[in-house]
Amino acid sequence: MIDAEIQQLEERVQRLIAAYRQARLEQKRAMQERDRLLALNAELRRRIEGIVERVRSLESESEHEV
């Protein structure tokens, strides 16, 4: 009786350990994806700011020509 309960507990511990490892792996992947998206966002922000600056410059030039 005790051996069966111990065996069940050991199996449960093993399942919990596997679930914990899986959760950690998923967390690591999510953090890597977050970092990738943050870097992409920063790059897009820089590009957009550059475009906005060029548009402002063109608008300023056209105002001076008029």
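Scroll up to find the structure this text is about.
Here's what I pulled together on the structure shown here.

Reading the values: the criteria
- Residues numbered from 1 in each chain as written.
- Predicted model: local features only at pLDDT ≥ 70, side-chain atom pairs only at ≥ 80, totals over all residues.
- Heavy atoms only, no water.
- Helix = DSSP H or I, 4+ residues; strand = E, 2+ residues; numbered from the N terminus.
- Rg over C-alpha atoms; globule rule 2.2 N^0.38 Å.
- Buried < 20%, exposed > 50% of the residue type's maximum accessible area, 1.4 Å probe, protein only.
- Areas by Shrake-Rupley, 256 points an atom, 1.4 Å probe, with all protein chains shown as cover.
- Lys, Arg positive; Asp, Glu negative; His and termini not counted.
- Charge placed at Lys NZ, Arg CZ, Asp CG, Glu CD.
- Patch = residues over 30% accessible without salt bridge, like charges linked within 9 Å, V, L, I, M, F, W, Y side chains within 5 Å.
- Salt bridge = Lys/Arg side-chain N within 4 Å of Asp/Glu carboxyl O.

**So, the overall build of the protein chain**
The helix and strand tally for the protein chain stands at 1 helix and 0 strands. In terms of overall dimensions, the protein chain is more spread out than a globule: its C-alpha atoms have a radius of gyration of 28 Å, far above the 11 Å expected for 66 residues. Overall, the protein chain is about 95 × 10 × 5 Å in size when its C-alpha atoms are taken along their principal axes. Here the protein chain holds 66 residues, and 0% of them are scored as buried. In the form shown here, the protein chain has an accessible surface area of approximately 6500 Å², with 56% of it arising from carbon and sulfur atoms. Each charge class in the protein chain was averaged separately, 13 positive and 14 negative side chains, and the resulting centres sit 5 Å apart.

**So, a nonpolar patch on the surface**
On the surface, a nonpolar cluster with roughly 410 Å² of combined accessible area is contributed by Leu37, Leu40, Leu44, Ile48 and Val52. Note on placement: Val52 falls in helix 1 (residues 2–65).

**Things to note about the pattern of salt bridges**
Within this structure, the stated rule accounts for 4 salt bridges. In this structure, the salt-bridge partner of Glu33 is Arg36, at a minimum N-O distance of 2.8 Å. One end of the pair, Glu33, and the other, Arg36, are both in helix 1, 3 residues apart, so they sit about a helical turn from each other. Taking the shortest distance from any N to any O, the salt bridge between Glu43 and Arg46 comes out at 2.9 Å. Remark: Arg46 and Glu43 occur in helix 1; sequence separation between them is 3 residues, near one turn of the helix. What makes Glu43 partly exposed here is its relative accessible area of 28%. Of the residues examined, Arg46 reaches a relative accessible area of 49% and is grouped as partly exposed. Sharing partners across several salt bridges, the network here consists of Glu43, Arg46 and Arg47.

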